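Single-letter residue listing:
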Amino acid sequence: MNSPIVITGMGMVSPLGCGVKTVWQRLTAGQSGLGFIDRFDTTDFPIKIAGLVPTIEQDSEAGFDVDAVVEPKERKKLDPFTVYALAAAKEALAQAGWNPQTDEDQQATATIIGTGIGGFTTITSAQKTLDSRGYKRLSPFTVPAFLANLAAGNLSIKYGFKGPLGAPVTACAAGVQAIGDGMRLIRSGEAKVALVGGTESCVDPLSLASFNALKALSTQADNPATASRPFDADRAGFVMGEGAGLMVIETLEHALARGAKPLAIISGYGTSSDAHHITSGPEDGAGAANAVRRALSMADLKPEDIHYVNAHATSTPVGDRAEVASLRNVFGDKLPSVPVSSTKSATGHLLGAAGGVESIFTTMAVINDLLPPTLNLAKVDDTMTDMDLVPNKARSQKVQHAVCNGFGFGGVNAALIVSKLPA
């Protein structure tokens, strides 16, 4: 029998701060990472709120300290989505104790980092420079900064990882798909260890205005902390966030042989396409249900074995309902007994980084037997009143197996199952 694939390290940069332990504590305490945008003037702009990563000056306990991640002279070469990935990787690799020095170990390490958009702010900034100062003023680092695979590329260069390198660019499923791709590489024998997850940094006037044109974003401007409200009858769009969530994964056999501490098992992964619409899934959630069923099949589990679902639920009326339909498709009349929550209520939607961050939250739920809450759930959507949506407060509950969903534009679906280590 193949050795189970386990998680040995996790790292996170998020609107709730940096560092898995502190962010988890804040999440389960019901804190919100959403606030007013302070990076550009929003006076005459329709979107005024976002889930921004706090700086060390704003949050002395868990703010992002760029100086601890990248030297000043190197920053001009890197887009923030890569810098966030570097920070998350540093934490994950340290916890895993993985710093390969031999060529054999370096060749055996894969780097798969997903993103939805890549270096978007580098592109918009370069366009402004081109328009105002001319082509001669463009930095030679513009292209290497914005290419979507450069988070993975810079990580592999920094740590000497010479195994397979990849960057799923599958919208908001990218983070989950990166983990699934890493699992496949380990299963096929192409890698023994994989650094996987997602990263994103595109809170920018153009991206926000574009999503606003789709009527996908919340335009609430009075209280940012209450704007992301998945499953709530008054939800009116998602709040854009940013950050990175990365994991180190390997077989249990490999982890034990090198003295690493396994944290949890990734027992199943499934992915599918809706083949339906560029931005909306089918109302019956059939494609998403297929992804979850494939994950269950890989894990050799039945729907009744699942004790928690960290939903993709972004807080859009259409998206939330389609996902709930997919869960009814999978769990049938047993769904009311399965706790389902959306951690996006606290972080906003991190696009390509969502799957990486939320897979870590799902893992922490399994490790700690603690369900993160769905914040701002005051009045449940009429079609979901029979469900256990873990409203507003975290809950202690045994979690043996948990599902993490990630869905994206283009009809892409991905689902991951995290399981507790054997006692």
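So, how was this worked out
Residues numbered from 1 in each chain as written. Predicted model: local features only at pLDDT ≥ 70, side-chain atom pairs only at ≥ 80, totals over all residues. Heavy atoms only, no water. Helix = DSSP H or I, 4+ residues; strand = E, 2+ residues; numbered from the N terminus. Rg over C-alpha atoms; globule rule 2.2 N^0.38 Å. Buried < 20%, exposed > 50% of the residue type's maximum accessible area, 1.4 Å probe, protein only. Contact = heavy atoms within 4.5 Å. Lys, Arg positive; Asp, Glu negative; His and termini not counted. Charge placed at Lys NZ, Arg CZ, Asp CG, Glu CD. Phe/Tyr/Trp six-rings, centres within 6.5 Å; stacked < 30°, edge-to-face > 60°. Polar contact = N/O pair within 3.5 Å; in protein donor to acceptor, adjacent residues only side chain to side chain. Axes fitted to C-alpha atoms, helices over the stretch in contact; angles between N-to-C directions. Parallel < 35°, antiparallel > 145°, perpendicular 65-115°, else oblique. Nonpolar A, V, L, I, M, F, W, Y, C, P; charged D, E, K, R; others polar. Expected span 1.5 Å × (residues − 1). Disulfide = S-S within 2.5 Å. Pairing = 2+ DSSP bridges. Core = buried A, V, L, I, M, F, W, Y, C linked by side-chain atoms within 4.5 Å. Salt bridge = Lys/Arg side-chain N within 4 Å of Asp/Glu carboxyl O. Patch = residues over 30% accessible without salt bridge, like charges linked within 9 Å, V, L, I, M, F, W, Y side chains within 5 Å. Areas by Shrake-Rupley, 256 points an atom, 1.4 Å probe, with all protein chains shown as cover.

Counting secondary structure elements, the protein contains 14 helices and 15 strands. The globule rule puts the C-alpha radius of gyration for 423 residues at 22 Å, and the 20 Å found for the protein is close to it. Dimensions of the protein along its principal axes, counting C-alpha atoms only, are 65 × 55 × 45 Å. Looking at the protein residue by residue over its 423 residues, the buried ones come to 60%. When contacts within the protein are restricted to residue pairs at least 6 apart in sequence, long-range pairs at least 24 apart make up 79% of them. Treating the 35 positive side-chain charges of the protein as one cloud and the 41 negative ones as another, the clouds have centres 3 Å apart.

Glancing now at unusual backbone geometry. With a phi close to 50°, Ala171 is a non-glycine residue in the positive phi region. Position of Ala171 among the secondary structure elements: in the loop between strand S6 (165-166) and helix H8 (174-188). A residue is classified by how much of its surface remains accessible, and Ala171, at 18% relative accessible area, is buried. In this model, Ala275 sits at a positive phi of 50°, which is unusual for a non-glycine residue. Secondary-structure assignment places Ala275 in the loop between strand S9 (264-273) and helix H11 (286-299).

With that out of the way, let us pick up the packing of aromatic side chains. Evaluation of the coordinates by the stated rule reveals five aromatic pairs. Each ring, one from Phe64 and one from Tyr84, has its centre 5.2 Å from the other, and the planes form 85°; the classification is edge-to-face. One end of the pair, Phe64, is in the loop between strand S4 (49-50) and helix H2 (72-75); the other, Tyr84, is in helix H3 (residues 80-96), with 20 residues separating them in the sequence. An aromatic cluster is present here, built from Phe211, Phe238 and Phe409 joined pairwise through their rings.

A few words now on the side chain of Asp381. Considering the arrangement of structural elements, one finds Asp381 in the loop between strand S12 (370-371) and strand S13 (395-396). Separated by 3.1 Å, the side chains of Asp381 and Arg321 make a polar contact.

With that out of the way, let us pick up the packing of H8 against helix H14 (residues 354-368). With their axes 5 Å apart at the nearest point, H8 and H14 run at an angle of 70° to one another. The orientation of H8 relative to H14 falls into the category roughly perpendicular. Every residue of H14 that contacts H8 at Gly175, Val176 and Ile179 is listed here: Gly355, Gly356 and Ser359. In terms of residue class, the contact of H8 with H14 is built from two nonpolar, four polar and no charged.

The subject of this paragraph is H8. Residues separated by three or four positions in an α-helix point in the same direction, a consequence of the helix having 3.6 residues per turn. Look at H8: 21 Å from first C-alpha to last across 15 residues, which is about the 21 Å you get at 1.5 Å a residue. Among the 15 residues of H8, eleven are classified as buried, and the element is accordingly described as predominantly covered. Just beyond H8, the residue with positive phi is Gly189, at close to 90°.

Attention now moves to the environment of Pro317. Structurally, the position occupied by Pro317 is in helix H12 (residues 317-331). By relative accessible area, which is 38% here, Pro317 ends up partly exposed.

Scanning the model with the defined rule gives zero disulfides in all. Between Cys202, a free cysteine, and Cys172, which holds the nearest cysteine sulfur, the sulfur-to-sulfur gap is 8.9 Å. Accessibility expressed as a relative area gives 0% for Cys202, which makes it buried. Here Cys404 stays unpaired: no disulfide links it, and the sulfur of Cys172, its closest cysteine neighbor, is 13 Å away. Taking relative accessible area as the criterion, Cys404 reaches 0% and is therefore assigned buried.

On to the pairing of strand S8 (residues 243-251). Along S8, nine of the nine residues are buried, which leaves the element largely enclosed by surrounding structure. As paired strands, strand S1 (residues 5-14) and S8 are joined by eight bridges and run antiparallel to one another. Counterpart to Gly9 in the pairing with S8 is Val248. Both strand S7 (residues 193-200) and S8 contribute to a ladder of eight bridges, which runs antiparallel. When the sheet's bridge partners are listed, Thr199 is paired in S8 with Ala244.

Turning to the nonpolar core, a few remarks are in order. Counting residues in each nonpolar core, the largest one holds 49 residues, and the members touching the most others are Met10, Met247, Ile249, Ile266 and Leu416. Examining the composition of this core, we find that seven residues originate from one element, H14, more than from any other. Excluding anything up to four places from it in sequence, Met247 contacts Ile7, Gly9, Met10, Ile179, Ala194, Leu195, Val196, Ile266, Ser359, Ile360 and Thr363. Membership of the second largest hydrophobic core comes to 29 residues, among which are Val13, Cys18, Ala88 and Leu93.

Turning next to the pattern of salt bridges. A full pass over the atoms with the stated rule returns 16 salt bridges. The partner of Glu242 in a salt bridge is Arg39, with the nearest N and O atoms 2.5 Å apart. Of this pair, Glu242 sits in the loop between helix H9 (205-213) and S8 while Arg39 is found in the loop between strand S3 (35-36) and S4, placing the two residues 203 residues apart along the sequence. By relative accessible area, Arg39 is classed as partly exposed at 41%. In this structure, Arg235 engages Asp381 in a salt bridge whose closest nitrogen and oxygen atoms are separated by 3.0 Å.

Together, Leu130, Tyr135 and Leu138 make up a nonpolar patch on the protein surface, roughly 290 Å² of accessible area in all. Looking at the element boundaries, Leu138 is found in the loop between helix H5 (120-133) and helix H6 (142-146). Here Leu138 falls in the partly exposed class, since its relative accessible area comes to 32%.

Side-chain positions along a regular strand alternate between the two faces of the sheet. Extensive coverage of S9 is indicated by the burial of nine of its ten residues. In this sheet, S9 lies alongside S1 in antiparallel orientation, the contact comprising three bridges. Residue Ile5 lies in a different strand from S9, and its bridge partner there is Ile266. As judged from the eight bridges shared by S9 and strand S15 (residues 412-419), these two strands associate in the antiparallel manner. Its bridge partner being in S15, Ile265 is matched across the sheet by Ser419.

Bear in mind that shape data such as this cannot, by itself, settle questions of function.
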